[in-house]
Amino acid sequence: MDILKLKPVIKDYIWGGERLRNDFGFESDFDKLAEGWMLSCHKDGKNTVDGGEFDGQTLEEIIEKYGSEEIAGKRSLDFPYFPVLIKLIDAKDNLSIQVHPDNDYAQRVEGEFGKTEIWYVLDAADDAKLVYGFKKEITAEEFKNAIESNTLMDVLNVVNVKKGDLFFIEAGTVHAIGKGTLIAEIQQNSNSTYRVYDYGRVGADGKPRELHVQKAIDVSVTKPPKYDTKPMGKAVDNGDYISTLLTKCDLFTVNHYAIRSKIELFTNEESFNHILVVNGCGKINGKKLKKGDSFFVPANFGKYEISGECEIIVTNI
């Protein structure tokens, strides 16, 4: 099976901007392009193949036809369904203060797995900020009181953000992306999100967006974050490219490559590779590649080459 180019699934949430259209070339009738789902087999948005033998088919259909082990790799068998979801996020306005449940709670209450994720900051305004956990440890009762008294922002950990930062958002971490931030998000294949606070905004129906306060209290870890806000590995100059390990955990491994001329990568029987092109242009095995492209390299594909001047994020499991 050849490398599959995937079409993004566009989401038009109220806080979205124009960068996914203007900078990445995404096409949509939506006024606001908040998210592009670049690798997804989730029921709320499934990628289809763009061109070639499987044009128009969903990635999920191809996996079901040929088998998860054959397409996604042996590691995929450790998960009950396709394990990751990858997004580009353009926050023109602040996202809601929110939290995601862990696997146990999400399976019991939502019927799907929980959501641990990473954010890799692709660009940020000079004054961009994120909410990342709490300033200090508080009790669940104190958390509840802060929500009810509208003093939540006083207890949350608000941090300045810049290009190249890496945030590991473990399930249970209260968080929010701030306006002026462009992010690549790699997460568990889940869409379970509990809003705690939404700045009093209303949705398209003119009504305040739903909050999930009690569920958020149930699942939140009301402590400061335990992870640094930088990639796990240091940048390594390999001549033709610079490689940086962004994160490695039991859910996914993510690397960033700044390619000067070319790089050889590969897949084996263990896992697929997902290629997200976040800057520049070039070729992948001789076919054109540009900023905003998404490629799925099946397990057991073997070696492939990316050439040109570009930046890519490579995810496997």
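Computed from a predicted structure; not experimentally measured.

A. Region of the structure containing the side chain of Ser40. By the element assignment, Ser40 lies in the loop between strand 3 (35-39) and strand 4 (41-42). By relative accessible area, which is 1% here, Ser40 ends up buried. A polar atom in the side chain of Ser40 sits 3.1 Å from the backbone nitrogen of His42. Beyond its immediate stretch of four places on either side in the chain, Ser40 contacts Gly45, Lys46, Asn47 and Leu85.

B. Representation of the environment of Ala124 within the structure. Here Ala124 lies in strand 8 (residues 117-124). Separated by 38 residues in the primary sequence, Ala124 and Lys162 place their C-alpha atoms 5.5 Å from one another. Not counting residues up to four positions away in its chain, the partners in contact with Ala124 are Val161, Lys162, Lys163, Gly180 and Thr181.

C. Representation of the sheet that holds strand 2 (residues 9-11) within the structure. With antiparallel pairing, the six strands of this open sheet are ordered in space as 2-3-6-13-8-11. Whereas interior strands pair on both sides, the edge strands pair on one side only; in this sheet they are strand 2 and strand 11 (166-169). Averaged over neighbouring strand pairs, the angle between their axes works out to 20° when direction is ignored. Inspection of the sheet shows strand 3 paired to strand 6 (residues 84-91) by four bridges, in the antiparallel sense.

Conventions adopted
Residues numbered from 1 in each chain as written. Predicted model: local features only at pLDDT ≥ 70, side-chain atom pairs only at ≥ 80, totals over all residues. Heavy atoms only, no water. Helix = DSSP H or I, 4+ residues; strand = E, 2+ residues; numbered from the N terminus. Buried < 20%, exposed > 50% of the residue type's maximum accessible area, 1.4 Å probe, protein only. Polar contact = N/O pair within 3.5 Å; in protein donor to acceptor, adjacent residues only side chain to side chain. Contact = heavy atoms within 4.5 Å. Pairing = 2+ DSSP bridges. Axes fitted to C-alpha atoms, helices over the stretch in contact; angles between N-to-C directions.

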